[in-house]
Amino acid sequence: MSAAGFVADLCARAGQPDSYARWQRQARAAGCCQRPVRLDGTIQQADTQSGEVRTVFDTADEPDGIVLKACGTRRAARCQPCAEVYRQDAYQLVNAGVAGGKGLPGTVAAHPAVFATFTAPSFGRVHVRRERGGTVYPCHPGRLGERCPHGRRTACWHKHDQDDAVLGVPLCGDCYAYDQAVIWNALAPQLWRRTTIYLRRALARLAGRTVAGLAREVRVSYVKVAEFQARGQVHYHAVIRLDGAAEDGAVVPPPTWADVELLAAAIREAASAARVPGPAGLELGPVGWGDQLDIRPITTGTLGEGSAGHVAGYLAKYATKATEGLAGVALDRPIHSARDLARRALPEHVRRLVEAAWRLGGRPELAGLRLRAWAHQLGYGGHCTTKSRRYSTTFTALRRARHEHARRQAFGGEPLDAWGRPEHEQAAVQVTGWTYAGRGYSTLADAWLARCMLDSAREQRRIAREELRAVA
């Protein structure tokens with residue numbers, strides 16, 4: 001687009017103050033989304049007694065005859081503003097479960113809770129950064145001249161930097177078990193489900209109780225987030241908490257014998273015992289977790305690593321990420337054909353993982369894993385963030401509260417219906433009708449204006465946080 005055309009579109013948008021103000025309100029309501037959905041339609045309300053219908057909103061009165069709606073993605077690679085909203089919701093969800101709030105009592109902060117990381121087993125040697133006590137050690141020290149069956153060195157004496165591009169890349173790609181790695185990603189959700197079952201059994205055995213007896217005294221609550229390692233394998237970060245079993249479903253403290261040490265021991269036992277049978281037709285035995293299992297107690301009243309706020313922020317950060325950390329935006333959408341796969345610019349290691357998922361997905365006996373549908377996720381088809389029923393609040397509840405808050409601000413108090421009555425009286429029924437009109441902003445000038453509004457809002461929030469810290 002030429003500079004003259006951009007300036008012309010910019011002047012056309014901002015040249016009419018009233019229309020521009022309405023467009024600004026739309027963009028702010030959409031969170032300055034990078035690729036909003038354009039809709040046209042109306043919102044009508046019908047009186048439940050008389051049947052009278054009144055129109056309360058019509059896009060014909062709006063700029064361009066449309067309304068903007070946020071895309072709502074959680075992926076930062078697709079839309080950073082919407083992903084930031086998801087990250088903040090994830091933080092509130094996780095933090096409520098370890099510090100209280102959002103419907104949970106503050107006493108939940110004293111419940112036994114740990115931050116656990118479950119990793120995948122090894123499928124071949126990859127370049128890693130080894131650091132201990134501030135000292136960086138060689139990647140894979142070994143005997144001089146020792147080579148694999150394909151003639152490549154099995155040792156690496158480099159001390160890799162944190163941003164080294166070779167981290168996660170196999171020392172020998174032909175020795176790496178790509179098929180097994182993809183299958184493990186696909187079975188990871190089943191392995192997690194089985195681990196939660198084994199965890200309750202391990203708790204009961206260590207506490208000297210039956211599983212049914214344990215359920216009458218203790219309830220296990222958790223939230224987990226999936227993260228892709230540099231080698232392309234999923235691993236899970238989880239907050240696991242022990243609660244007391246209440247008949248009304250309330251979150252109450254557990255018995256005194258249910259402590260952090262018991263929980264950590266049960267997690268280790270469950271992780272070592274949990275197995276999922278490998279799919280038929282592959283030379284792959286039962287699938288289990290890797291040897292690296294990290295369990296850290298969550299503390300309260302501190303601000304350092306292991307505190308409730310630190311754990312919540314850590315999990316929320318990875319809730320907006322997927323495979324874009326491995327291949328950028330090349331894997332931000334599903335792959336529809338072999339030609340589509342060939343066109344994507346992928347690193348060699350990631351490409352071989354995706355090709356393995358696509359090839360295995362064509363086998364009839366593996367159709368249930370839907371590997372081709374999740375090839376862009378390296379075979380992983382599970383949810384990014386999951387939780388048990390009573391861990392804390394839900395994303396739906398957080399979104400509903402945010403929507404109601406925005407409506408109260410728009411009305412300057414209690415929202416009213418078309419007849420001026422409070423909406424909570426439910427004297428009218430709302431009927432909406434929307435038509436898809438496109439995606440993204442109509443012009444490049446609109447996208448630039450929305451980006452400027454987003455940067456301004458970020459700066460205002462930064463200043464507000466600094467002032468809040470100064471006052472505190």
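In what follows, the structure referred to is the one given above.
Attention here is on the structure that accompanies the text. The numbers attached to residues start from 1 for each chain and follow its sequence in the written order. Residue-level local features of this predicted model are given only where pLDDT is at least 70; pairs of side-chain atoms are given and counted only at 80 or more, and the full residue set underlies all totals for whole chains, interfaces and linings. The basis for the side-chain values is all heavy atoms of the structure; hydrogens and waters are excluded.

**Here we look at the environment of Glu-423**
Starting at the N terminus, helices and strands are each numbered in turn, a helix being any DSSP run of H or I of at least four residues and a strand any DSSP run of E of at least two. Tracing the sequence through the fold places Glu-423 in the loop between helix H11 (395–411) and strand S11 (428–439). Those residues within four positions of Glu-423 in sequence are excluded, and the remaining contacts are Gln-45, Arg-407, Glu-414, Pro-415, Leu-416 and Asp-417. A distance of 2.5 Å separates the side chain of Glu-423 from the side chain of Arg-407, its partner in a polar contact. We call two residues in contact whenever any of their non-hydrogen atoms come within 4.5 Å of each other. The term polar contact refers here to a pair of N or O atoms within 3.5 Å; inside protein, the definition further demands a hydrogen-donor-capable atom paired with an acceptor-capable atom, and it admits residues adjacent in sequence only when both atoms are side-chain atoms.

**Brief notes about the pairing of strand S1 (residues 37–47)**
Look at any regular strand and the pattern is simple: side chains alternate between the two faces of the sheet. Among the eleven residues that make up S1, eight are buried, leaving the element largely enclosed by the rest of the structure. Judged from the eleven bridges that link them, S1 and S11 form a sheet pairing that is antiparallel. When the sheet's bridge partners are listed, Ile-43 is paired in S11 with Thr-432. Two elements, S1 and strand S3 (residues 67–69), share three bridges in a ladder whose sense is antiparallel. For every residue, the accessible area (1.4 Å probe, protein chains only) is compared with the maximum for its type, and the residue is labelled buried under 20%, exposed over 50%, or partly exposed between those bounds. A pair of strands is treated as paired once DSSP finds two or more bridges between them.

**Remarks on empty space enclosed by the protein**
The probe, sized like a water molecule, is rolled over the atoms to show the empty space still left. Here a cavity denotes grid points, spaced 1 Å and computed from the protein atoms alone, that fit a 1.4 Å probe unable to get out, and a pocket denotes an open set having protein on both sides within 12 Å along at least 5 of 7 lines; residues with an atom within 4 Å of a point are the lining. Grid points are joined across faces, edges and corners, and a volume is the space filled by probe spheres set on the points. Scanning all chains against the criterion turns up three cavities of 30 Å³ or more. Considering only enclosed or pocket space, the largest cavity measures out at about 80 Å³ in volume. Every element with two or more residues in the lining of the largest cavity is listed here: helix H4 (178–206), strand S7 (218–228) and helix H6 (260–273). With five residues, H4 is the single largest residue contributor to the lining of the largest cavity. Residues are sorted three ways: Asp, Glu, Lys and Arg are charged, Ala, Val, Leu, Ile, Met, Phe, Trp, Tyr, Cys and Pro are nonpolar, and all the rest, Gly among them, are polar. When the residues that make up the lining of the largest cavity are grouped by side-chain class, the tally is eight nonpolar, two polar and one charged.

**With respect to the packing of helix H2 (residues 17–29) against helix H12 (residues 444–471)**
A fitted line through C-alpha atoms represents every axis, and for helices the fit uses only the stretch in contact; the resulting angles, taken between N-to-C directions, go from 0 to 180 degrees. The N-to-C vectors of H2 and H12 enclose an angle of 65°; their axes lie 11 Å apart at closest approach. When you trace H2 past H12, the crossing you get is right-handed. Side by side, H2 and H12 meet where Tyr-20, Trp-23, Gln-24, Ala-27 and Arg-28 of the first sit next to Asp-446, Leu-449, Ala-450 and Met-453 of the second. Residues that form the contact of H2 with H12 fall into these classes: six nonpolar, one polar and two charged. Put simply, a crossing is left-handed when the front helix is turned counterclockwise from the back one by less than a right angle, and right-handed when it is turned clockwise.

**Some details on the state of the cysteines**
Sulfur atoms of two cysteines make up a disulfide when they are within 2.5 Å. Using the criterion set out here, one finds zero disulfides in the structure. In this structure Cys-32 is not part of a disulfide, and its nearest cysteine sulfur, from Cys-33, lies 9.3 Å away. By relative accessible area, which is 8% here, Cys-32 ends up buried. Of the cysteine sulfurs around Cys-452, a residue in no disulfide, the closest is that of Cys-32, at 9.9 Å.

**Some words on the pattern of salt bridges**
Salt bridges are counted wherever a side-chain nitrogen of Lys or Arg sits within 4 Å of a carboxyl oxygen of Asp or Glu. Taken as a whole, this structure holds 24 salt bridges when the rule is applied. With a shortest N-O distance of 2.6 Å, Glu-217 and Arg-209 are connected by a salt bridge. Given the relative accessible area of 31%, Arg-209 is considered partly exposed. Note that Asp-340 is salt-bridged to Arg-343, the shortest N-O span being 4.0 Å. With Asp-340 and Arg-343 both in helix H9 (residues 338–343) and three residues apart, this pair spans about one turn of that helix. Owing to a relative accessible area of 11%, Asp-340 belongs among the buried residues under this scheme. By sharing partners, the salt bridges in this structure join Arg-13, Asp-64 and Asp-446 into a single network.

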